[in-house]
Amino acid sequence: MYAVVEFSEKDSIGSLREATNIPHSQHEATVPFKSRLLAIKANSGNPSLSQPSVQCLKQTPIGVKELIQKLSSEDSVDQQMYSLTEEYQLTEENVCLRFLVCSLLKDIAAAYFPECIIRPFGSSVNGFGKLGCDLDMFLDLDPISRGNIKQPSGGLSLEYQMKRTSSERSATQSILAVIGECVDQFGPGCVGMQKILNARCPLVRFAHQPSGFQCDLTANNRVALKSSELLYLYSQLDRRVRAMVFSLRCWARVHSITSNIAGAWITNFSLTVMVIFFLQQRSPAVLPTLDQLRDLAEPHDKCIIEGNDCTIVSDLSRIQDQGNTETLEHLLQEFFEFYGNFAFSRLSINIRKGKEQYKPEAAPLHIQNPFEPTLNVSKNVNNTQLENLVALCQESAWLLQKGGAVGPGHNRDTPWGFAALLLPSVSQAARSKGKRRKTLEPASKRMRSLLESLKSSKTSAGAADSSK
Ligand code: CTP
Ligand code: MG
């Protein structure tokens, strides 16, 4: 059991340190690096330690089975999606723990770079983090060079002697290699170090056992920090955004559209951008385009990173609500139909313009990186994975249309609405449909006619109801 202890006075930390021992073991040696992780050892015959009276806070979400059960007891699909978000979202304590781990790692990196800062980014801070998600960190060395351009006095100037490297990339690679090595050798509880230095964005990956976080440490990745800020902004603009993203991330994971392992799968980040793009397409729009966010920015918001304009408004009150009042159930249905019929072969998803564009290159799925327009966020995705997503969207559109609402006398033990979309049978049906598609008429055409027939039967049923 671990506890995070916050002291109200700095002096207390000093006295705590004084009272703390260096571990001694007859069979093992220790690296004499004093971390801020301390272990309380129970002296024999002290029963109070073996029976803690505190209640532990949960750091992992409930399992899918339990989730399906919980959602089935809700009253509407909208309620189900909000309830899922509540269950899955990071708690305040978990976010604090993420900042703490960054600061513990800074203690190690500071041996070389005393002024560095380690900042969390990605889902830990972008408003879409699920309990148990990885911890993306950025080793920020900029504070070291900031404010260091001094006017020469008397014709002489001083400069630090610094090691020179051939490129920024090779400097980043060697810094990460060395810090990674230190974390691996000296960081208590840091295990399974992998150095992935030849990736487009070099990183070191390891597990931090005490917190249970899978950690990715990068350097020189400032644009990703900005895209986390952008996602956070979108997550705050409308309550429905987080409910849509959390629900669809969960749906995609349950049906293996996304994965914990890197590969040709769609990532949570790509899926989130797809949701944002969809919400920009509604009329009136639920979310503004990135160009609109740039146009609303004030002079102090200006931000250029590596030649890319990353300016976005920071004062959210400048963004006008367009007055879209669609229900989550309706938006979800429309999302499935939208991507179930999207012309992925020709079109690219672009949240800057809020419009689809012709694909600039021949990747199966093309999603323009919000701040680096020449990059495709979903470059890794192959045809099979895209087909699986499309088939699953079509199947889910059909299922939701068929059984979205709870009818009178509905048995709450049977999964319905969004909960029904999480059942394994959905993905199996979608897969076999994907295979059938090659021989039968195009799935999208068939699905559209099925949906149309369902809609018209619903409308006539609704008309009959209201005439009663
Ligand atoms: N990122 C990016 N381009 C990519 C992948 C990632 O710019 N092709 C940036 C995004 O800002 C993303 C962050 O790197 O939020 C972290 O990536 P990742 O961990 O893959 O995504 P998360 O958003 O953190 O989602 P998850 O919960 O799956 O970790
Ligand atoms: Mg992440």
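**Let's talk about the pairing of strand β3 (residues 190-196)**
Move 1: Sheet analysis places β3 next to strand β4 (residues 203-208), joined by 5 bridges and oriented antiparallel. Opposite lysine 195, over in β4, you have valine 204 as the bridge partner.
Move 2: Hairpin connection, β3 to β4: the antiparallel pair is bridged by 6 residues.

**Examining the confidence of the model for the protein**
Any residue range with low pLDDT should be treated as having predicted coordinates unsuitable for detailed reading.
Move 1: Per-residue confidence for the protein gives a mean pLDDT of 89; residues scoring 70 or more make up 88%.
Move 2: Between residues 461-468, whose pLDDT stays under 50, and residues either more than four places distant or in other chains, the model counts 0 contacts.
Move 3: For this predicted complex, the interface confidence comes out at an ipTM of 0.98, alongside a pTM of 0.89.

**Details of the coordination of the magnesium ion (ligand 2)**
Move 1: Distances from the magnesium ion (ligand 2) to its protein donors, namely Asp134 (OD) and Asp136 (OD), fall within the range 2.1 Å.
Move 2: Residue aspartate 136 is classed as buried on the basis of its relative accessible area of 13%.

**Focus: the environment of glutamine 26**
Move 1: Position of glutamine 26 among the secondary structure elements: in the loop between α1 (10-18) and α2 (47-50).
Move 2: On the basis of relative accessible area, glutamine 26 is assigned to the exposed category, the value being 79%.

**Let's talk about the sheet that holds β3**
Move 1: Taken in spatial order, the 5 strands line up as β1-β2-β5-β4-β3 in an open sheet, and their pairing is mixed. Each edge of the open sheet is held by one strand with a lone partner, namely β1 (117-121) and β3. Averaged over all adjacent pairs, the angle separating strand axes in this sheet is 25°, with direction ignored.
Move 2: Bridging between strand β2 (residues 135-140) and strand β5 (residues 213-219) involves 5 bridges; their strand directions are parallel. From the neighbouring strand, leucine 135 faces β5, where its bridge partner is cysteine 215.
Move 3: Strands β2, β3, β4 and β5 of the sheet are contacted by helix α7 (residues 168-186), whose axis makes an angle of about 165° with β3.
Move 4: Sheet strands in contact with helix α8 (residues 222-237) are β1 and β2, and its direction is about 45° off that of β1.

**Details of the nonpolar core**
Move 1: Grouped together as the largest cluster of nonpolar side chains are 76 residues, with contacts concentrated most on Met244, Trp251, Phe336, Tyr339 and Phe418.
Move 2: Sorting elements by how many residues they give to this core places helix α9 (residues 239-254) first, with 9 residues.
Move 3: Cys102, Cys116, Ile118 and Leu197 belong to the second-largest nonpolar core, a separate cluster that totals 26 residues.

**Some thoughts on the pattern of salt bridges**
Move 1: For the structure shown, the criterion picks out 17 salt bridges.
Move 2: Residues arginine 205 and aspartate 216 are paired through a salt bridge, measuring 2.7 Å at the closest nitrogen-oxygen approach. Of this pair, arginine 205 sits in strand β4 while aspartate 216 sits in strand β5; the two residues are 11 residues apart in sequence, bridging distant segments of the chain.
Move 3: Residue arginine 205 is classed as partly exposed on the basis of its relative accessible area, which comes to 26%.
Move 4: Residues participating in the shared-partner salt-bridge network are Asp291, Arg294, Asp295, Arg352 and Lys353.

**Let's talk about helix α5 (residues 92-109)**
Move 1: Look at α5: 26 Å from first C-alpha to last across 18 residues, which is about the 26 Å you get at 1.5 Å a residue.
Move 2: For α5, the full list of buried residues reads Asn94, Leu97, Arg98, Val101, Cys102, Leu104, Leu105, Ile108 and Ala109. Taken around the axis of α5, the buried residues stretch over an arc of 160°, which confines them to a single face.
Move 3: The elements touched by buried residues of α5 are β1, β2, α7, β3, β4 and β5.

**Observations regarding the packing of helix α10 (residues 268-281) against helix α12 (residues 328-340)**
In helix packing, the relevant descriptors are the interaxial angle and the interaxial distance, both defined with respect to the helix axes.
Move 1: Where α10 meets α12, the closest approach of the two axes is 11 Å, and the angle between their N-to-C directions is 105°. Taken together, the axis directions place α10 and α12 in an arrangement best described as roughly perpendicular. Contact with α10, carried on its side by Met274, Val275, Phe277, Phe278, Leu279 and Gln281, involves Leu331, Glu334, Phe335, Phe338 and Tyr339 of α12 and no other residues of that element.

**Observations regarding the site of ligand 1**
Move 1: Around ligand 1 there are 15 residues in total, and Ser123, Asp134, Asp136, Ser227 and Asn268 lie nearest to it.
Move 2: At 3.4 Å, a backbone N or O of alanine 224 approaches an oxygen atom of ligand 1.
Move 3: The side chain of asparagine 268 places a nitrogen or oxygen atom 2.9 Å from an oxygen atom of ligand 1.
Move 4: Notes on ligand 1: free accessible area 560 Å², of which the protein chains cover 77%.
Move 5: For the shell around ligand 1, the secondary-structure elements that each account for two or more residues are α8 and α10.

**What to know about unusual backbone geometry**
Move 1: Residue proline 284 is reached from serine 283 by a cis peptide bond, and omega for that bond is -5°.
Move 2: Within the element layout of this structure, proline 284 appears in the loop between α10 and α11 (290-295).
Move 3: Despite not being glycine, asparagine 220 shows a phi value in the positive range, around 55°.
Move 4: Mapped onto the fold, asparagine 220 is located in the loop between β5 and α8.
Move 5: If you check the backbone angles, glutamate 306 has positive phi at about 50° while not being a glycine.
Move 6: Examined against the element boundaries, glutamate 306 turns out to sit in the loop between β6 (304-305) and β7 (308-309).
Move 7: Here glutamate 306 falls in the exposed class, since its relative accessible area comes to 55%.

Definitions and limits used
Residues numbered from 1 in each chain as written. Chains lettered and ligands numbered in written order. Predicted model: local features only at pLDDT ≥ 70, side-chain atom pairs only at ≥ 80, totals over all residues. Heavy atoms only, no water. Pairing = 2+ DSSP bridges. Helix = DSSP H or I, 4+ residues; strand = E, 2+ residues; numbered from the N terminus. pLDDT = per-residue confidence, 0-100. Contact = heavy atoms within 4.5 Å. Donors = N, O, S within 2.8 Å, 3.2 Å for Na, K, Ca; no water. Buried < 20%, exposed > 50% of the residue type's maximum accessible area, 1.4 Å probe, protein only. Axes fitted to C-alpha atoms, helices over the stretch in contact; angles between N-to-C directions. Core = buried A, V, L, I, M, F, W, Y, C linked by side-chain atoms within 4.5 Å. Salt bridge = Lys/Arg side-chain N within 4 Å of Asp/Glu carboxyl O. Expected span 1.5 Å × (residues − 1). Arc of directions from axis to C-beta. Parallel < 35°, antiparallel > 145°, perpendicular 65-115°, else oblique. Near = heavy atom within 4 Å. Polar contact = N/O pair within 3.5 Å; in protein donor to acceptor, adjacent residues only side chain to side chain. Areas by Shrake-Rupley, 256 points an atom, 1.4 Å probe, with all protein chains shown as cover.

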